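# Coordinate analysis (summary)
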Amino acid sequence: GIRSEPRIVEQQFGNFQNYEEVQNSRDERVKFGRFFYRFPSGEAGLDVYLRITSFISTLFRESVQMQEQGLDLNQTNIVLVTHGLTLRLFLMRWLQIDVEEFETMYNPDNAFLAVMECKTCPNTGNQWYELTQESADHLRIKTRMAQPLIIDPNEE
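Owing to the predicted nature of the structure, the values given are computational and were not obtained by experimental measurement.

This part takes up the nonpolar core. Counting residues in hydrophobic clusters, the biggest one holds 23 residues, and the most contacted among them are Leu 89, Phe 90, Leu 91, Met 92, Phe 102 and Ile 141. For this core, the elements supplying multiple residues, two or more each, are α2 (45–68), α3 (84–95) and α5 (133–139). A total of 8 residues in this core trace back to one element, the largest contributor, which is α3. Those residues within four positions of Leu 89 in sequence are excluded, and the remaining contacts are Phe 35, Gly 45, Val 48, Tyr 49, Ile 52 and Phe 102.

What follows deals with the packing of aromatic side chains. Within the structure shown, the criterion is met by 9 aromatic pairs. Here the aromatic rings of Phe 32 and Tyr 37 are separated by 5.9 Å at their centres, their planes lie at 40 degrees, and the arrangement is tilted. Among the residues examined, Phe 32 registers a relative accessible area of 55% and is labelled exposed. Overall, Tyr 37 belongs to the buried group, its relative accessible area being 4%. With centroids separated by 5.1 Å and ring planes inclined at 85 degrees, the aromatic side chains of Tyr 37 and Phe 39 adopt a geometry described as edge-to-face. Counting every residue linked through ring pairs, the aromatic cluster contains Phe 13, Phe 32, Tyr 37 and Phe 39.

Here we come to the pairing of strand β2 (residues 127–131). Looking at chain direction, strand β1 (residues 116–120) and β2 are connected through 5 bridges and run antiparallel. The residue bridging Lys 119 from the neighbouring strand is Trp 128, located in β2. Between the antiparallel neighbours β1 and β2 lie 6 residues, among them Gly 125 with a positive phi of about 80 degrees.

Next up on the list: the layout of surface pockets. As a volume, the second largest pocket reaches approximately 690 Å³. As for the second largest pocket, its lining consists of 19 residues, and the residues nearest its centre are Gly 1, Ile 2, Arg 3, Ile 78 and Val 79. Of the residues belonging to the lining of the second largest pocket, the class tally is 10 nonpolar, 6 polar and 3 charged.

This part covers the pattern of salt bridges. Applying the stated criterion across every chain, the model contains 7 salt bridges. Among the salt bridges present, the one from Arg 7 reaches Glu 5, with a minimum N-O distance of 2.8 Å. Accessibility classification places Arg 7 together with Glu 5 in one group, the buried group.

Relative to the 16 Å expected for 12 residues at 1.5 Å per residue, α3 spans 16 Å between its end C-alpha atoms, a close match to the ideal helical length. Taking burial as the measure, the 12 residues of α3 include 11 buried ones, the bulk of the element. Among the residues of α3, those classed as buried are Gly 84, Leu 85, Thr 86, Leu 87, Arg 88, Leu 89, Phe 90, Leu 91, Met 92, Trp 94 and Leu 95. In this structure, the buried residues of α3 make contact with α2, α4 (99–102), β1, β2 and α5. Gln 96 sits one or two residues past α3 and shows a positive phi near 60 degrees.

What counts, and at which threshold
- Residues numbered from 1 in each chain as written.
- Predicted model: local features only at pLDDT ≥ 70, side-chain atom pairs only at ≥ 80, totals over all residues.
- Heavy atoms only, no water.
- Core = buried A, V, L, I, M, F, W, Y, C linked by side-chain atoms within 4.5 Å.
- Buried < 20%, exposed > 50% of the residue type's maximum accessible area, 1.4 Å probe, protein only.
- Helix = DSSP H or I, 4+ residues; strand = E, 2+ residues; numbered from the N terminus.
- Contact = heavy atoms within 4.5 Å.
- Phe/Tyr/Trp six-rings, centres within 6.5 Å; stacked < 30°, edge-to-face > 60°.
- Pairing = 2+ DSSP bridges.
- 1 Å grid on protein atoms, 1.4 Å probe; cavity = no way out; pocket = protein on both sides within 12 Å on 5 of 7 lines; lining within 4 Å.
- Points joined across faces, edges and corners; volume = space filled by probe spheres on them.
- Nonpolar A, V, L, I, M, F, W, Y, C, P; charged D, E, K, R; others polar.
- Salt bridge = Lys/Arg side-chain N within 4 Å of Asp/Glu carboxyl O.
- Expected span 1.5 Å × (residues − 1).

Structure below.
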């Protein structure tokens with residue numbers, strides 16, 4: 001199905017009414033960094049990161065529910081449509097990228113498709129998602145996969 005999800009909207013940049021205020025904020029953001037700088041009456045990248053974290057938790061929970069209902073997630077694609085900064089923060093959270101690397105990442109071109117592929121270990125069957133090399137190169141991301149988080153549902 002298709003769903004509109006407000007947690008993955010672009011960063012709120014505040015209520016700018018004049019050009020000078022916009023320029024001053026951009027200059028300040030260069031000093032502080034894109035992740036921590038909070039726009040007046042707006043959000044910091046950190047705020048978007050927290051929204052993304054909540055969204056990913058929901059994504060995991062709903063994936064488990066879909067599996068319990070018999071959906072084969074190996075035959076399912078999930079497509080997120082969002083803006084550049086939000087995409088980079090989603091990947092930062094998913095791939096466990098630190099702030100230093102985030103600050104070196106670039107926004108994608110308009111309509112760029114960043115692709116993560118599901119990988120499976122042939123020995124254990126454990127699965128993880130890896131950013132394709134093309135996507136990593138385009139966004140200037142060094143980290144293409146997180147250390148797999150392995151959860152054993154039988155373990156207490």
